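A structural walkthrough
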Amino acid sequence: NNEKSVPQLLIRDLKLEKSSLAKLMFSPDQENHPSKAPVKYGELIVLGYNGSLPNGDRGRRKSRFALFKRPKANGVKPSTVHIACTPQAAKAISNKDQHSISYTLSRAQTVVVEYTHDSNTDMFQIGRSTESPIDFVVTDTVPGSQSNSDTQSVQSTISRFACRIICERNPPFTARIYAAGFDSSKNIFLGEKAAKWKTSDGQMDGLTTNGVLVMHPRNGFTEDSKPGVWREISVCGNVFSLRETRSAQQRGKMVENETNQLQDGSLIDLCGATLLWRTAEGLSRTPTVKHLEALRQEINAARPQCPVGFNTLAFPSMKRKDVVDEKQPWVYLNCGHVHGYHNWGNKEERDGKDRECPMCRSVGPYVPLWLGCEAGFYVDAGPPTHAFSPCGHVCSEKTTAYWSQIPLPHGTHTFHAACPFCAHQLAGEQGYIRLIFQGPLD
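First things first, this report covers the structure right here in the doc. Computed from a predicted model, the values in this text were never measured in an experiment.

Cut-off values and rules
Residues numbered from 1 in each chain as written. Predicted model: local features only at pLDDT ≥ 70, side-chain atom pairs only at ≥ 80, totals over all residues. Heavy atoms only, no water. Salt bridge = Lys/Arg side-chain N within 4 Å of Asp/Glu carboxyl O. Helix = DSSP H or I, 4+ residues; strand = E, 2+ residues; numbered from the N terminus. Buried < 20%, exposed > 50% of the residue type's maximum accessible area, 1.4 Å probe, protein only. 1 Å grid on protein atoms, 1.4 Å probe; cavity = no way out; pocket = protein on both sides within 12 Å on 5 of 7 lines; lining within 4 Å. Points joined across faces, edges and corners; volume = space filled by probe spheres on them. Phe/Tyr/Trp six-rings, centres within 6.5 Å; stacked < 30°, edge-to-face > 60°. Pairing = 2+ DSSP bridges. Expected span 1.5 Å × (residues − 1). Arc of directions from axis to C-beta. Contact = heavy atoms within 4.5 Å. Core = buried A, V, L, I, M, F, W, Y, C linked by side-chain atoms within 4.5 Å. Polar contact = N/O pair within 3.5 Å; in protein donor to acceptor, adjacent residues only side chain to side chain. Axes fitted to C-alpha atoms, helices over the stretch in contact; angles between N-to-C directions.

A closer look at the pattern of salt bridges
- On inspection of all chains with the given rule, the structure shows 15 salt bridges.
- The partner of Arg64 in a salt bridge is Glu43, with the nearest N and O atoms 2.6 Å apart. In this pair, Arg64 sits in strand 2 (residues 64–68) while Glu43 sits in strand 1 (residues 40–46), placing the two residues 21 residues apart along the sequence.
- Here Arg64 falls in the partly exposed class, since its relative accessible area comes to 25%.
- When its relative accessible area of 8% is taken as the criterion, Glu43 is described as buried.
- When the shortest N-O distance is used, the salt bridge between Arg64 and Glu374 registers 2.4 Å. A residue pair is termed long-range when its members are at least 10 positions apart, and Arg64 in strand 2 and Glu374 in the loop between strand 22 (370–371) and strand 23 (386–388) qualify at 310 residues.
- The network of salt bridges with common partners includes Lys40, Glu43, Arg64 and Glu374.

Regarding empty space enclosed by the protein
- On inspection of all chains with the given rule, the structure shows 2 cavities of 30 Å³ or more.
- Of the voids in this model, the second largest cavity is the one considered here, and its volume is about 40 Å³.
- Considering the residues around the second largest cavity, the lining is formed by Leu292, Leu295, Arg296, Met318, Leu371, Gly372, Tyr378 and Pro384.
- With 3 residues, helix 5 (residues 289–301) is the largest single contributor of residues to the lining of the second largest cavity.

Points about the packing of aromatic side chains
- In this structure the tally under the stated criterion is 17 aromatic pairs.
- Look at Tyr41 and Phe173: their rings are 5.8 Å apart centre to centre, the planes differ by 55 degrees, and that puts the pair in the tilted class. Residue Tyr41 is located in strand 1, and its partner Phe173 is located in the loop between strand 8 (163–168) and strand 9 (175–179); the two are separated by 132 residues in the primary sequence.
- Among the residues examined, Tyr41 registers a relative accessible area of 4% and is labelled buried.

Thoughts on the pairing of strand 17 (residues 274–279)
- Here strand 17 lies mainly inside the structure; 5 of its 6 residues are buried.
- Looking at chain direction, strand 1 and strand 17 are connected through 5 bridges and run antiparallel. Within strand 17, the position partnered with Leu44 by the bridge is Trp277.
- Alignment of strand 16 (residues 267–269) against strand 17, held across 3 bridges, turns out to be antiparallel. When the bridges of strand 17 are listed, Ile268 appears paired with Leu275.
- Counted along the chain from strand 16 to the antiparallel partner strand 17, the turn is 4 residues long, and its residue Cys271 has a positive phi close to 60 degrees.

Points about helix 5
- Compared with an ideal rise of 1.5 Å per residue, which puts 13 residues at 18 Å, helix 5 spans 18 Å between its outermost C-alpha atoms and is within 8% of the ideal.
- Taken residue by residue, helix 5 has Leu292, Leu295, Arg296, Ile299 and Asn300 as its buried positions. What you see down the axis of helix 5 is that its buried residues fit within an arc of 135 degrees, all on one side. Turned more than 90 degrees from where helix 5 packs its buried face, Lys290, Glu298 and Ala301 sit exposed.
- In the core, the buried residues of helix 5 are packed alongside strand 22.
- Following helix 5 by one or two positions, Arg303 has its phi on the positive side, about 50 degrees.

Let's talk about the sheet that holds strand 16
- Judged by pairing direction, the sheet is antiparallel, and its 7 strands sit side by side in the order 2-1-17-16-13-14-15 without closing on themselves. The sheet is open, and its two borders are formed by strand 2 and strand 15 (239–240), each paired with just one other strand.
- Where strand 1 lies against strand 2, 5 bridges are found, and the strand directions are antiparallel. The residue of strand 2 that forms the bridge with Glu43 is Ala66.

Overview of the nonpolar core
- Membership of the largest hydrophobic core comes to 46 residues, with the highest contact counts inside it found for Leu44, Leu67, Ile126, Ile165, Ile177, Ile268 and Leu270.
- With near-sequence residues (within four places) excluded, Ile177 lies in contact with Cys163, Arg164, Ile165, Val212, Val214, Ile233, Gly237, Asn260, Leu262 and Ile268.
- Judged by nonpolar contacts, the second largest core, of 31 residues, contains Phe221, Leu267, Leu408 and Tyr432.

Some thoughts on the side chain of Thr399
- Structurally, the position occupied by Thr399 is in helix 6 (residues 397–404).
- Residue Thr399 is classed as buried on the basis of its relative accessible area of 0%.
- A distance of 3.1 Å separates a polar side-chain atom of Thr399 from the backbone nitrogen of Val379.
- Reaching out from Thr399, the side chain makes a polar contact with the side chain of Ser396 at a distance of 2.7 Å.
- Excluding residues within four positions of it along the chain, Thr399 makes contact with Phe377, Tyr378, Val379, Asp380 and Phe388.

A short note on the sheet that holds strand 22
- Strand order in the open sheet made by the 4 strands is 22-24-23-27, with mixed pairing throughout. On the outer flanks of this sheet lie strand 22 and strand 27 (432–434), each paired with one strand and no other.
- Sheet topology note: the strand 22/strand 24 (residues 393–395) ladder contains 2 bridges and is parallel. Note that in strand 24 the partner of Trp370 across the bridge is His393.
- Contacts between helix 6 and the sheet are confined to strand 23, strand 24 and strand 27, with strand 23 contributing the most and set at about 30 degrees to the helix.

Encoded structure:
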């Protein structure tokens, strides 16, 4: 009797295991082999959000988006080119079940390039539209906005179907970016006003209205990184120098020796939001949220004190990153002396914004300090010793130094450095400051 019970127990355990495996299999990003973790190509992180959107991440709207190998390839590649005499004829050619790009050259002529299925690649689409072809919904970033209500009133400059990223399904899983995404009828439509042209080999190419700009950092995304040069990417993935303004009719010069291949740390600008591309390999070398939490606890364990009130200061937990806490450290941005909040040294004639530091008498803005919680923005795992100015986001020295050198596109033709955690334009000579903490007196 005893002998029988063992196999029956095993069978019962196996049944349980099978049901939990079945649950695993149907998680959306899983491959058909539940034992294997899905292959991650990389992640896109929107600049200006410190770990999540103001009202929380929901569905396809979130501050970061992971690209996983799809259960079934959905990539496409160009095939047949049709030259149609009228837009109506072009519509007839581009059927709903086939991807195509239509280039309207004039009222009398449209070129339609049909795309066929590519079993070697996966396609991911990014844009403002919430229609189903868009995998990652991105809205305009308003610097320092605390809620989505701040962002809704702005007329968006992000295209509804802004760009697409095509990832190779086989190692090394190369990711490439292309301007414009396919809409619900699987079409990309470049109207008469869009910049477009015939290439030397007889193919068509074009640019979208506000363009898709890309910058690849030099030396990868490491503590030795240096900013690269901003380029524009065409619908077919060719690389061009920037136009005079964002939506100028005249395209820039083609840059022959550069490609649309994304690298760890590449920045993608969609005219209204900028995304950082991190490869899976790059992310594996980046500090984790756990590591940042350990650094926070380490700073708090050192019991830094306010040199005026002698009260102990502490960075609030990462979850409470918008509400000023009574123990919150504050900093004088001109000198870097860290204090607790106090009303001392207010300059009435200076509209209350500037304060005099009680330690060194330098006058300047006085702001609360916040930890940078989005680990993907860090170029190293160094301690949080520096803060961006004027927003007070704190991270490692190398990370502040790197982002303060990056000119981020702003509006249609200007660039400025900004804090990656809140998108505020940086101020002051360097755009950041070294923090001077006072230790406990006992």
